[in-house]
Amino acid sequence: MNTLPTPTASEDAERDAIEDAPAAPANGVHALEVTDADAGQRLDRFLATRLAGLSRARIQALIRSGNVEGEASILADAATRVAPGQRIRITIPPPTAAEPAGEPLPLAIVHEDKHLIVIDKPAGLVVHPAAGHAQGTLVNALIAHCGEELSGIGGVKRPGIVHRLDKDTSGLLVVAKTDAAHQGLAEQFASHGADGRLTRTYEAFVWGVPPRPSGIIDASIGRSPTNRTRMAVVRSPHGRRAATHFEVLESFAGPDGKPLASRLRLALETGRTHQIRVHLAHIGHPVMGDPAYGAGFKSSTRRLTERAARALDSLARQALHALELGFEHPVTGRSLRFTSPRPSDIQALYEALKPLPDTRKRPKTKPNVSKR
């Protein structure tokens, strides 16, 4: 675990704000009465305003499970409108133990406080337990690391995974430790940066050079009709809208001097499974080393120099890295920005590739002459 530096005055203020944030309500029965000002609200919204620190998703789960009662019956519909003078009881059970077991795995911690933790995920680490990966995941490591600090998110003591990275994609990932952080982060990721709070940028090395220096790939993504284990660009209504912004930062030549590959900077406008990899393959520029979506470009490796071919072979994964992550702290409101250095395996590929001359036209600069 990284050692955190001595807090500055601003960090002390942030810590105080975190300590003063509303905690999740205690387990047990909470009796509430609807006032005239509350009248007409949805049941879930009314409970969320009265029980600070409990997310609406958690409240909706409690409603569905029969833990919310009126004076004569169970209130099982979150959309029910509350009435003045109505008395409501909500029972909050203690959180159950996490299903995944904690494992003391090493974590590259970039930032941590009471409500969230930012991890620089290495390639090869699965985020959440699933079939074939019941152990050795990021969630297993976080459960062991956080211990009793971990809140009962969703009624289960587990980290709040609000976004994921593919197993073999490296880079920055933020995880919620409390209900309040989970709800706030989920709202930001749902808007995908449209409100200016969230930024996510990636770096990718791809086959070929896009014809334009920048652009947007706007194409719906859904389950592949020919291979159900993969995603694909599909026509609506069979997929969900997906948009990826790209910028060509650098181009590389093969031994023959012809364009062979390029380095891209990418930003997500939506967050679909395998979005970057699927979109880049769709426009004919798959991520180098991608075993699922770049298999059709294996012949291109013959155009690499011997050094670059060895670097790509040693990479043994897609050359995709979550480079930057920025968001508004869901409790303190502070703007946080993090950058992850390029991993050594992708750096080795970068150093082995031969840059093409930069032929882009640059604006002419005028001398800075002050008039007297």
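Residues numbered from 1 in each chain as written. Predicted model: local features only at pLDDT ≥ 70, side-chain atom pairs only at ≥ 80, totals over all residues. Heavy atoms only, no water.

J.: If you had to explain the overall build of the protein to someone new, which residues and values would you point to?
T.: Looking only at helices and strands, one finds 8 helices and 16 strands in the protein. Taking all 372 residues of the protein together, the buried fraction comes to 44%. A fraction of 69% describes how many contacts in the protein between residues 6 or more apart in sequence connect residues 24 or more apart. When the accessible area of the protein is evaluated, it comes to approximately 19400 Å², of which 51% is carbon and sulfur surface. (Helix = DSSP H or I, 4+ residues; strand = E, 2+ residues; numbered from the N terminus. Buried < 20%, exposed > 50% of the residue type's maximum accessible area, 1.4 Å probe, protein only. Contact = heavy atoms within 4.5 Å. Areas by Shrake-Rupley, 256 points an atom, 1.4 Å probe, with all protein chains shown as cover.)

J.: Quick rundown of unusual backbone geometry? Include the residues and the values.
T.: In the Ramachandran plot, His274 falls in the positive-phi region, its phi being about 60° despite a non-glycine side chain. With respect to the secondary-structure elements, His274 resides in the loop between strand S13 (259–268) and helix H6 (275–282). The backbone of Ala316 sits at a positive phi, close to 55°, despite the residue not being glycine. Inspection of the secondary structure puts Ala316 in the loop between helix H7 (306–315) and strand S14 (320–328).

J.: How would you explain H6 if you had to name every residue and give the values?
T.: Within H6, 6 of the 8 residues are buried, which leaves it mostly tucked inside the rest of the structure. When we look at burial in H6, the residues that qualify are Gln275, Ile276, Arg277, Val278, His279 and Leu280. The first or second residue beyond H6 is Gly284, which carries a positive phi of 85°.

J.: Before we move on, can you summarise the pattern of salt bridges with the specific residues and values?
T.: Where charged atoms from two side chains of opposite charge approach closely, those side chains can pair. Under the counting rule described, the total for this entry stands at 17 salt bridges. A salt bridge links Glu306 to Arg310; the nearest nitrogen and oxygen atoms lie 3.2 Å apart. Taken together, the positions of Glu306 and Arg310, both in helix H7 and 4 residues apart, correspond to about one turn of that helix. On the basis of relative accessible area, Arg310 is assigned to the partly exposed category, the value being 48%. In this structure, a network of salt bridges that share partners links the residues Glu203, Glu250, Arg263 and Arg342. (Salt bridge = Lys/Arg side-chain N within 4 Å of Asp/Glu carboxyl O.)

J.: Account for helix H8 (residues 344–352), with residues named and values stated.
T.: For H8, the set of buried residues is Ile346, Leu349 and Ala352. The arc that holds every buried residue of H8, seen down its axis, measures 125°, which confines them to one face. Those residues of H8 that are buried are in contact with strand S8 (199–207), H7, S14 and strand S16 (354–355). (Arc of directions from axis to C-beta.)

J.: Talk me through the confidence of the model for the protein; I want residue IDs and the actual numbers.
T.: Of the residues in the protein, 86% have a pLDDT of 70 or more, and the chain-wide mean is 86. Taken together, the stretch residues 13–21 has pLDDT below 50 and engages in 15 contacts with residues farther than four places along the chain or on a different chain. Low pLDDT, under 50, characterises residues 365–372; the predicted model gives this stretch 0 contacts beyond four residues in sequence or across chains. (pLDDT = per-residue confidence, 0-100.)

J.: Requested: an account of the nonpolar core, with residues and values cited.
T.: Counting 47 residues, the largest nonpolar core has Leu138, Leu280 and Leu349 as its most contacted members. Counting residues per element, this core draws most heavily on helix H4 (residues 138–146), at 6 residues. Among the nonpolar cores identified, the runner-up in size contains 18 residues, and Phe46, Ile59, Leu62 and Ala78 belong to it. (Core = buried A, V, L, I, M, F, W, Y, C linked by side-chain atoms within 4.5 Å.)

J.: Which residues make up the pairing of S13, and what are the values?
T.: When you tally the buried positions in S13, you get 7 out of 10 residues, the bulk of the element. Pairing analysis gives 7 bridges linking S8 to S13, with the strands arranged antiparallel. Across the sheet, residue Trp207 finds its bridge partner in S13, namely Ala261. Relative to S13, strand S12 (residues 243–253) runs antiparallel, the two being bridged by 9 bridges. If you follow Glu250 over to S13, its bridge partner there is Arg263. The turn joining S12 and S13, which pair antiparallel and follow one another in sequence, is formed by 5 residues; a positive phi near 85° is taken by Gly257. (Pairing = 2+ DSSP bridges.)

J.: So what's going on with the packing of helix H2 (residues 43–50) against helix H3 (residues 56–64)? Residues and values would help.
T.: Axis separation between H2 and H3 bottoms out at 9 Å; the angle between their running directions is 125°. Considering the angle they form, H2 stands oblique to H3. As for how H2 packs across H3, the hand of that crossing is right-handed. Between H2 and H3, the residues in contact are Leu43, Asp44, Arg45, Leu47 and Ala48 and Arg56, Ile59, Gln60 and Ile63, respectively. Split into classes, the residues belonging to the contact of H2 with H3 amount to 5 nonpolar, 1 polar and 3 charged. (Axes fitted to C-alpha atoms, helices over the stretch in contact; angles between N-to-C directions. Parallel < 35°, antiparallel > 145°, perpendicular 65-115°, else oblique. Left-handed = near helix turned anticlockwise from the far one by under 90°. Nonpolar A, V, L, I, M, F, W, Y, C, P; charged D, E, K, R; others polar.)

J.: Give a description of the environment of Gly222 that names residues and reports values.
T.: Here Gly222 is to be found in strand S10 (residues 221–223). With 56 residues separating them along the chain, Gly222 and Val278 place their C-alpha atoms 10.0 Å apart. Once you skip the residues sitting within four places of it in the chain, Gly222 turns out to touch Met231, Ala232, Val234, His238 and Gly239.

J.: Would you mind going over the sheet that holds strand S1 (residues 28–33) in detail, with residue names and values included?
T.: Paired through their backbone hydrogen bonds, the strands of a sheet run either parallel or antiparallel. Judged by pairing direction, the sheet is antiparallel, and its 3 strands sit side by side in the order S1-S3-S2 without closing on themselves. On the outer flanks of this sheet lie S1 and strand S2 (68–69), each paired with one strand and no other. In this fold H2 packs onto S1, S2 and strand S3 (87–92), with an angle of close to 105° to the strand it touches most, S1. Along the sheet, H3 makes contact with S2 and S3, crossing S3 at roughly 100°.

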